[in-house]
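# Secondary and tertiary structure notes
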Amino acid sequence: GINVVITAHAQMRKFEQPDEMGAYDRWELKLEKKTSALVKEWADIVLFANYKTIVVNVDNQGAQKGKNKAQGGARVMYATHHPCWDAKNRNDLPDELPFVFAAIAYLFTAVKPAAQKVQTPPQQIPDTTADPVNETEPVAASEPDPAVPTTEALDEKIPKALRDLMQVNNVSVADIQTVVGQKGYYPQDTPIENYDSNFIAGVLIGAWDQVYDAICLNTLPFKT
């Protein structure tokens, strides 16, 4: 029941590939080589945090000879292997995420559906004194119990982590689209599978409690 997190500085090392002619620099964990290898094998997720910097040529002389300027500086974390850094994950994370815990918080929160108590209607005892010649009156179909949520079948193009949250909380695609449209992130008719993966991971999944609260405010008193 405990999540173990290890943090380490990064250092640049020369890396030589057997099938390539030369070596190149890459970021690795600042640990002893043996320790670094064991930690990377053991961990479910290895994230590389860095500042995302974009170099732009400002005098039209080319990046090699001209004057360049750095832009950006947002902190991001990378979740998949790259020739320039160590990273991996076993949770199908996007290649790049904002450097906030909310982007991966759902991985450490076990969401379990609340137990639904469905009351069984009392059995009706047939009236044996009735005239057997009379025809049996048709029985009206029972209305669905509003206390038992019914969730629509969700498109598998929607990321599994988000689908799980939607199904557990009885949230429909229209609920998500309405809230996202009201907040101005995307037009309301935009399919969820067309949302940016970072937006889904960092906002819809990472901040699910706030998203669900907004959905409930839109649908009260029907949501519980």
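Model, not experiment: these values are computed from the prediction.

### Describing the overall build of the protein
On a plain count of helices and strands, the protein comes out with 5 helices and 7 strands. When the helices and strands of the protein are listed from N to C terminus, the series reads β-β-α-β-β-β-β-β-α-α-α-α. Relative to its full complement of 224 residues, the protein shows a buried share of 25%. Sequence-distant contacts in the protein: of pairs separated by 6 or more residues, those separated by 24 or more amount to 46%. Approximately 16900 Å² of the protein is accessible, and the part contributed by carbon and sulfur atoms is 54%.

### Comments concerning helix α3 (residues 173-183)
Taken residue by residue, α3 has Asp175, Ile176, Gln177, Val179 and Val180 as its buried positions. The first or second residue beyond α3 is Gly184, which carries a positive phi of 85 degrees.

### Observations concerning the nonpolar core
Of all hydrophobic cores here, the largest spans 29 residues; its most connected members are Leu162, Met166, Ile176, Tyr195, Leu204 and Trp208. With 6 residues, helix α5 (residues 208-219) is the largest single contributor of residues to this core. The contacts of Ile176, once residues within four sequence positions are left out, are Met166, Val171, Ile192, Tyr195, Leu204, Trp208, Val211 and Ile215. Membership of the second largest hydrophobic core comes to 5 residues, among which are Phe48, Tyr78, Trp85 and Ala87.

### Examining the environment of Gly202
Position of Gly202 among the secondary structure elements: in helix α4 (residues 197-205). Once the C-alpha coordinates of Gly202 and Pro98 are considered, the two residues, 104 residues apart in sequence, prove to be 7.2 Å apart. If near-sequence neighbours (up to four positions away) are discounted, Gly202 is found in contact with Ala102, Ala103 and Ala207.

### Section: the confidence of the model for the protein
Overall, the prediction assigns the protein a mean pLDDT of 79, with 77% of residues at 70 or greater. For the protein, strand β5 (residues 68-78) is the element with the lowest average pLDDT, namely 83, and strand β3 (residues 45-46) is the one with the highest, namely 94. Overall, residues 111-118 carries pLDDT values under 50, and its contacts beyond four positions in sequence, including any with other chains, amount to 7 contacts.

### Observations concerning unusual backbone geometry
For Asp92, which is not a glycine, the phi torsion comes out positive at approximately 60 degrees. Inspection of the secondary structure puts Asp92 in the loop between β6 (88-89) and β7 (96-98). Residue class for Asp92 comes out exposed when judged on its relative accessible area of 73%. We note that Asn170 has phi near 55 degrees; this positive angle belongs to a residue other than glycine. Take Asn170: it is sitting in the loop between α2 (160-168) and α3. Assessed through its relative accessible area of 23%, Asn170 is described here as partly exposed.

Calculation notes
- Residues numbered from 1 in each chain as written.
- Predicted model: local features only at pLDDT ≥ 70, side-chain atom pairs only at ≥ 80, totals over all residues.
- Heavy atoms only, no water.
- Helix = DSSP H or I, 4+ residues; strand = E, 2+ residues; numbered from the N terminus.
- Buried < 20%, exposed > 50% of the residue type's maximum accessible area, 1.4 Å probe, protein only.
- Contact = heavy atoms within 4.5 Å.
- Areas by Shrake-Rupley, 256 points an atom, 1.4 Å probe, with all protein chains shown as cover.
- Core = buried A, V, L, I, M, F, W, Y, C linked by side-chain atoms within 4.5 Å.
- pLDDT = per-residue confidence, 0-100.

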